[in-house]
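Architecture at a glance
Listed below are the residues making up each chain.
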Amino acid sequence: MLKLTNLAKYFGGVRAVDGLDMQINKGEIFGLIGPNGSGKSTTVNLICGVFPQTAGTIELDNVDLGRLAPHQRIEFGVSRTFQNIRLFGDLTVWQNLWVAWRDAPGHETSWLVNWFGSPADRRHEIQKLLEFSGLGDRADRPASSLSFGEQRRLELARAMASKPKLILLDEPAAGMNSEEVADLRNRILTMKNLGMTVLLVEHVMDLVMSVTDRITVLNFGKPIAEGTPLEIQNNEMVQEAYFGSAKNVEAGN
Amino acid sequence: MNFDHIDIVQSLIDGVLFGSVYALVGLGFTLIFGAMHKLNLAYAASSIAGAYIGLASITIFAVPTVIAFLVGPLAAGLVGLLIYISCFQFMPRNNMLAPLMASIGALFFIDELIIDKTAGSPITFPVLLPDAYFPVGEFGFRGDLLFVTFASFVLMGVIVFMLYRTKMGLATRAASQQPVASLLCGIPTHRTNSTVFVLAGVLGGVAGCLAAAAVGVLSPLLTLPLTVKGLIVAVIGGLGSIRGAIAAGFMIGALENLFLLFRGVNERDIYVFLVLFLFLVVRPNGIFGTSIDRD
Amino acid sequence: MEYYLGITQTIGVHTLLGLSAYVLLLTGQLSLAQVGFFAIGSYVSGILTVIFGWHILPALLVGALVAGFFAFLVGFPALRVKGLMLVVATIAFSEIVRLVFFNVNWRVEVNGLEVGPDSTQGFREIRYFAANGWEQAHVVLLIWLIVILVMVLLWWLDKVRAGAVLRAVGEDELAAQSSGVNLTMVKVAAMTGGGVIAGIAGGLFAHSTTYVDHHTFSILLATFAVSYPILGGLKNVLGTLMAVIFIQGFIIEGLRFMGDYRNILFGLLIIVAMNFRPQGLVDGNFTSDLRKLLRMNQKRGGIDA
Ligand SMILES: Nc1ncnc2c1ncn2[C@@H]1O[C@H](COP(=O)(O)OP(=O)(O)OP(=O)(O)O)[C@@H](O)[C@H]1O
Ligand SMILES: [Mg+2]
């Protein structure tokens, strides 16, 4: 479904992503892991069109996304969350979803309703999504007044509001306790059951290993390993990339 | 119309020399922006205020002109500090509008205070080196403008030295790049910021005095044009870029004088603004700017 | 009476100007170009009534549309510059417009009189209202009908999804884009809408004062335009109206006895207001603060009794 070919992004001299080939199949939960600064968020940003790639191509269902503006990519069914939560803090919880709302394919309303329809037109559907996200009673609160965990859930709901085929989650478990991570795991599995394809960028290994179908490991912007969670866990290069520096420190002592 | 090359070159010379005033004002805007990522729109007003206070020290206390040229910049530095305290110090760090508006308020305040005290009429300012003129071939260099340029270079040198060779400068640059982290490292950001405001204020005071001396009069009507030109220079140079502001100052001075020669005083500024637009479209990050911006 | 009608006129025109800046501020664009659009609206509609003898309403409309068209054009390059750079760029735009009109000379003879823009002398004798027997009260009525229309329109806009999208863009452009918002379209639309509103304001101003010149279109006016919504807060359109009434009605007119000091006071007021209410006077906390204040007074009352 998503195919990255030889993708690269240089920031001046920094090669944040450097020749990444990756293919995600439809309906998969795909993990993207790697040490800090290895280029995971940059990859997500490239797929969403935050900035243009230096080289390579991004294809979604054989459509070249590479030249499209970010909002056009949403129309093709890509949406995302951010590593550091970016909600519309002064808008209410449900307005956050309203802004991102897109009708399910086949049930589109006219642009007139879409832009100038009153809240009542959408209230019902959006409320359902809020209930699903455990935010049912928060609808009219400003988003900035939510707790951290609730904000994470709202961001996830906002990403789902555009009815994506492919959803990119950039460290959704960062800062969560184990209970919240368990809840997140269920949500991600539900997304899969709803037919979405998920790209999960994550440092919380328990989550990645228990939920993903396949994983790519990045280091210095290059893929160093690819495989099932089990294969990745036993891969020496991966351990080296993650813990190599720690070993060196030990050796130094 | 025909202009011979003598007119053109002469107006270029005068323009570049006078451009040093713009460079100083642009430098002030850029320093403050560099330190805090905020615009102080009252900056040029504080420069003019400094010049007025210098002038007042002559007319009221009859101090020698040289002293007035010291009083003016110092007073402008003080005004800069007051602006920092009243418009910037207590504002939320991530709010851009509030300090901007407050500094506009300060601009009005200073401007109206001057208008009130001087009844709005221009006052003659002591001319520096009135008779100095250095003919070079067919051209000539006005002594006062040469002095202005020279003084500006010295000041710019001092500023660059302070920023890159002193501990205070290091702290300022750190605070500018990572305000929160620097605070955690024990850098008193309020102190570095207020130092920048005072320094920039002094720069502006010198610019104000020099400009007034070169023009020969001081008038509240100077504030807005100086504000706008200073902003243009800072933007063309790339907000936060010191060498950019200096280069842009001389460039705008020169271009302005050329436009004056070719198109007359009524149209001159139109072309200056068009140059600004050209830069915004072609080089939005300034003369020396790179195009990488972090999110 | 005439005096109060005059103030009401001014408040109406400035409210429109403030609202035009309000629309842009919703999307996070601080624009000082509004006075440029204001100038375009006043010159175009003035030329239409004075030189071409149009009726005031179509003249206002065309003036507003032309201003909106220029705003549309400005909207695209404005996308490239953000935040403080936009402030500077829009200052430059307003100054260019001002200087262009400063040089426009288009004198024609109408009914034996030479009329039209007279370059540095400004555009005088825009006497549509007097020539057509409008009383001042009618003019005030026209202005306020338009003000109310625009306010209702903006109020409604805030109730539908378009309003939420505008505010979303103002809060976080990247997040809005990533939620499917077409940034270019939204920002250019806001700029155009703001331009139209400022253009109407300009047309009304030119006709109600009968003359405009380059002093009218100063950066000072642009500053006023943005200071209303900033002081009033972006909570809703009423904040802007209240700020205009407060500044134009109370500070400028009410304190007339203070002479020059009220301008000084105006500067001080902005500084003080921004320090104590950086989000504007009527922000989200406004109503709760008001409630707290009331409750405090009640308590005080209880103890006294
Ligand atoms: N906009 C940018 N401009 C310049 N450099 C950038 C930019 N974004 C990322 N980088 C650099 O690119 C490299 C990769 O960053 P990226 O954010 O993709 O890492 P990451 O894998 O997401 O790390 P983390 O686990 O810490 O989130 C880093 O060296 C970073 O400093
Ligand atoms: Mg990351």
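Each value, and the rule that gives it
Residues numbered from 1 in each chain as written. Chains lettered and ligands numbered in written order. Predicted model: local features only at pLDDT ≥ 70, side-chain atom pairs only at ≥ 80, totals over all residues. Heavy atoms only, no water. Helix = DSSP H or I, 4+ residues; strand = E, 2+ residues; numbered from the N terminus. Contact = heavy atoms within 4.5 Å. Areas by Shrake-Rupley, 256 points an atom, 1.4 Å probe, with all protein chains shown as cover. Rg over C-alpha atoms; globule rule 2.2 N^0.38 Å. Lys, Arg positive; Asp, Glu negative; His and termini not counted. Charge placed at Lys NZ, Arg CZ, Asp CG, Glu CD. Pairing = 2+ DSSP bridges. Axes fitted to C-alpha atoms, helices over the stretch in contact; angles between N-to-C directions. Parallel < 35°, antiparallel > 145°, perpendicular 65-115°, else oblique. Left-handed = near helix turned anticlockwise from the far one by under 90°. Nonpolar A, V, L, I, M, F, W, Y, C, P; charged D, E, K, R; others polar. Salt bridge = Lys/Arg side-chain N within 4 Å of Asp/Glu carboxyl O. Core = buried A, V, L, I, M, F, W, Y, C linked by side-chain atoms within 4.5 Å. Buried < 20%, exposed > 50% of the residue type's maximum accessible area, 1.4 Å probe, protein only. Domains from an automatic or database assignment. Patch = residues over 30% accessible without salt bridge, like charges linked within 9 Å, V, L, I, M, F, W, Y side chains within 5 Å. Near = heavy atom within 4 Å. Polar contact = N/O pair within 3.5 Å; in protein donor to acceptor, adjacent residues only side chain to side chain. Buried area = accessible area lost by both parts, 1.4 Å probe. Donors = N, O, S within 2.8 Å, 3.2 Å for Na, K, Ca; no water.

All right, on to the overall build of chain A then. Each helix and strand counted, chain A has 10 helices and 10 strands in total. Long-range contacts, defined as pairs at least 24 residues apart, comprise 66% of the intrachain contacts of chain A with a sequence gap of at least 6. In the structure as shown, chain A presents an accessible area of about 11,400 Å², 51% of it carried by carbon and sulfur atoms.

With that out of the way, let us pick up the overall build of chain C. Looking only at helices and strands, chain C has 13 helices and three strands in total. The C-alpha atoms of chain C give 20 Å as radius of gyration, which agrees with the globular expectation for 305 residues (19 Å, within 12%). Overall, the C-alpha framework of chain C stretches about 75 × 55 × 35 Å when taken along its three principal axes. A fraction of 76% describes how many contacts in chain C between residues 6 or more apart in sequence connect residues 24 or more apart. Carbon and sulfur atoms provide 65% of the accessible area of chain C, an area that totals close to 12,700 Å². For chain C, the distance from the average position of its 19 positive side-chain charges to the average position of its 17 negative side-chain charges is 12 Å.

All names here are of chain C. One open sheet holds the three strands; their spatial order is β1-β2-β3, and the pairing between them is antiparallel. Every interior strand has two partners, whereas the edge strands, β1 (108–110) and β3 (123–124), have only one. Judged from the two bridges that link them, strand β2 (residues 113–117) and β3 form a sheet pairing that is antiparallel. Looking at β3, one finds that Gly116 is bridged to Arg124.

Quick look at the packing of helix α1 (residues 2–26) of chain C against helix α9 (residues 183–209) of chain C now. Residue and element names in this part refer to chain C. Direction vectors running N to C along α1 and α9 enclose 165°, while the axes themselves pass 8 Å from each other. Comparing the axis directions of α1 and α9 gives the class roughly antiparallel. Crossing handedness for the pair α1 and α9: left-handed. Taken together, the residues of α9 that come into contact with α1 (itself represented by Gln9, Val13, Leu16, Leu17, Ser20, Val23 and Leu24) are Ala190, Met191, Gly194, Ile197, Ala198, Ile200, Ala201, Leu204, Phe205 and Ser208. Its residues assigned to classes, the contact of α1 with α9 shows 13 nonpolar, four polar and no charged.

A few words on the sheet that holds strand β7 (residues 166–170) of chain A. Residues and elements named next belong to chain A. Reading across the sheet, the six strands line up as β6-β7-β8-β3-β9-β10 and stay open at both edges, with mixed pairing between neighbours. Lying at the two open borders of the sheet, with one neighbouring strand each, are β6 (78–80) and β10 (222–227). Neighbour-to-neighbour, the strand axes of the sheet open up by a mean angle of 20°, direction not taken into account. Summarising the sheet, strand β3 (residues 29–33) and strand β9 (residues 214–219) pair through four bridges and their orientation is parallel. The partner of Ile33 across the bridge, within β9, is Val217.

This brings us to the pattern of salt bridges. Applying the stated criterion to the full structure yields 25 salt bridges over all chains. Each of B:Lys229, B:Glu256, B:Arg268 and B:Asp269 takes part in salt bridges that share partners, so that together they form one network.

What follows concerns the nonpolar core. Residues B:Leu39, C:Leu16, C:Phe37, C:Leu154, C:Leu204 and C:Met274 are the most contacted members of the largest nonpolar core, which totals 229 residues. Per-element tally for this core: the top contributor is helix α4 (residues 83–102) of chain C, with 14 residues. Both domains that furnish three or more residues to this core are identified here as domain 1 (1–77 + 164–253) and domain 2 (87–163) of chain A. With near-sequence residues (within four places) excluded, C:Phe37 lies in contact with C:Ala67, C:Phe70, C:Ala71, C:Val74, C:Phe93, C:Met191, C:Gly195, C:Ala198 and C:Gly199. If you look at the next biggest cluster of nonpolar residues, it comprises 24 residues, including A:Leu7, A:Phe30, A:Ile47 and A:Phe51.

The subject of this paragraph is a nonpolar patch on the surface. A cluster of nonpolar side chains, B:Leu129, B:Phe147, B:Phe150, B:Val154 and B:Val158, forms an exposed patch at the surface whose accessible area comes to about 450 Å². You can see B:Phe147 is positioned in helix α5 (residues 143–165).

Attention now goes to the site of ligand 1. Neighbouring residues of ligand 1: 15 residues in total, closest A:Gly37, A:Lys40, A:Ser41, A:Thr42 and A:His203. Ligand 1 is flanked by residues contributed from chains A and B. One nitrogen or oxygen atom from the main chain of A:Ser38 is found 3.2 Å from an oxygen atom belonging to ligand 1. With respect to ligand 1, the side chain of A:Lys40 contributes an N or O atom lying 2.7 Å from an oxygen atom. Among the elements of the structure, β2 (14–24) and α1 (40–48) of chain A are those that each provide at least two residues to the shell around ligand 1. A per-element tally of the shell around ligand 1 places α1(A) first, with three residues.

Attention now goes to the domain arrangement of chain A. Residue and element names in this part refer to chain A. Here chain A is described as being made up of domain 1 (1–77 + 164–253) and domain 2 (87–163). A separation of 26 Å is found between the C-alpha centroids of domain 1 and domain 2. Taken together, the contact pairs 19 residues of domain 1 with 13 residues of domain 2. Summed over both sides, the interface of domain 1 with domain 2 buries roughly 1,200 Å², with 68% coming from carbon and sulfur. Among the residues of domain 1 in contact with domain 2, Ile74, Pro164 and Arg187 are the three that bury the most area, contributing 38% of the side total. The tally of links between domain 1 and domain 2 comes to zero salt bridges. Secondary-structure elements contributing two or more residues to the side of domain 1 that touches domain 2 are α2 (70–75), β7 and α7 (178–193). The residue inventory of the side of domain 1 that touches domain 2, partitioned by class, reads 11 nonpolar, two polar and six charged.

Quick look at the pairing of β2(C) now. Residues and elements named next belong to chain C. Strand direction decides the pairing type here: β1 and β2, joined by three bridges, are antiparallel. Looking at β2, one finds that Val110 is bridged to Leu113. Taken together, β1 and the strand that follows it, β2, pair antiparallel across an intervening segment of two residues, in which Asn111 is found at a positive phi of about 55°. The turn linking β2 back onto β3 is made up of five residues, and Ser119 within it adopts a positive phi angle of 30°.

This part takes up the coordination of the magnesium ion (ligand 2). All names here are of chain A. Those donors, Ser41 (OG) and Gln83 (OE1), are the protein atoms that reach the magnesium ion (ligand 2), and they lie 1.9 to 2.0 Å from it. Residue Ser41 is found in helix α1, and its partner Gln83 is found in the loop between β6 and α3 (93–100); the two are separated by 42 residues along the sequence. Relative accessible area serves as the criterion here: at 21%, Ser41 is assigned to the partly exposed category.

A few words now on the interface of chain C and chain A. Taken together, the contact pairs 23 residues of chain C with 23 residues of chain A. Carbon and sulfur atoms make up 65% of the area that chain C and chain A hide from each other, which totals about 2,200 Å². Of all residues in chain C, C:Arg161, C:Glu171 and C:Ser179 bury the most surface against chain A, accounting for 30% of the area lost on that side. Run the count over chain C and chain A and you get one salt bridge. The residue A:Arg86 makes a salt bridge to C:Asp172 at a minimum N-O spacing of 2.8 Å. The element that contributes the greatest number of residues to the side of chain C that touches chain A is helix α7 (residues 161–171) of chain C, accounting for seven residues.

Time to look at the interface of chain C and chain B. The partner chain B presents 41 residues to the 39 residues of chain C that form the contact. Summing the contributions of chain C and of chain B, the shared interface buries around 3,600 Å²; its carbon and sulfur component is 81%. On the surface where chain C and chain B come into contact, there are zero salt bridges. For the pair chain C and chain B, the interface holds three residue pairs in polar contact (both at pLDDT 80 or more). The leading source of residues in the side of chain C that touches chain B is α4(C), at 14 residues. In the side of chain C that touches chain B, the residues fall into 27 nonpolar, nine polar and three charged.

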